[in-house]
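# Structure at a glance
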Amino acid sequence: QVQLVESGGGLVQPEGSLRLSCAASGSGLTMYTMGWYRQAPGKERELVARITGGGSTNYADFVKGRFAISRDNAKNVVYLQMNRLKVEDTAVYYCNARLSPFDVWGKGTLVTVSS
């Protein structure tokens, strides 16, 4: 069974950077599409970025040009590099692994953008 553990969240000032990591364990991970989602207080969870096993990526419009998702299949780690952070990026960020019918979530890591 796939398990996901996020790390790298914290407090950062506006225009700062953070890199989130998602350590995955389990079998067949290279076949999974990996994604980062976020949920701000009082809002629904939303897609931030995802990457297929082959390395194809897509991003939410609100992070294009600022965030970058990548994966290291040898280490079973997925990264989210977040640059030029905004106050509105404050949220709990969740890692997701998806390969139908499996849909696995981590517990999340909190990112707070504040001066």
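Reading the values: the criteria
Residues numbered from 1 in each chain as written. Predicted model: local features only at pLDDT ≥ 70, side-chain atom pairs only at ≥ 80, totals over all residues. Heavy atoms only, no water. Salt bridge = Lys/Arg side-chain N within 4 Å of Asp/Glu carboxyl O. Buried < 20%, exposed > 50% of the residue type's maximum accessible area, 1.4 Å probe, protein only. Helix = DSSP H or I, 4+ residues; strand = E, 2+ residues; numbered from the N terminus. Pairing = 2+ DSSP bridges. Axes fitted to C-alpha atoms, helices over the stretch in contact; angles between N-to-C directions.

Turning our eyes to something else, we now look at the pattern of salt bridges. By the definition in use, this model includes five salt bridges. Across the pair R38 and E46 runs a salt bridge, and its minimum N-O distance is 2.9 Å. Exposure remark for R38: the relative accessible area of 6% places this residue in the buried category. The partly exposed category is assigned to E46, whose relative accessible area is 32%. Linking D89 and R38 is a salt bridge whose minimum nitrogen-to-oxygen distance equals 2.8 Å. In this pair, D89 sits in the loop between β8 (77–82) and β9 (91–99) while R38 sits in strand β4 (residues 33–39), placing the two residues 51 residues apart along the sequence. One exposure class covers both D89 and R38, and it is buried. Residues joined by salt bridges that share partners form a network here, namely R38, E46, R66 and D89.

In this section: the sheet that holds strand β3 (residues 18–25). Ordered by their spatial adjacency, four strands build an open sheet running β1-β3-β8-β7, and the pairing between neighbours is antiparallel. Single-partner strands in this sheet number two, and they are β1 (3–7) and β7 (67–72). Strand-to-strand, the axes of this sheet are offset by a mean angle of 15°, without reference to chain direction. Pairing analysis gives six bridges linking β7 to β8, with the strands arranged antiparallel. Of the residues in β8, the one forming a bridge with F67 is M82.

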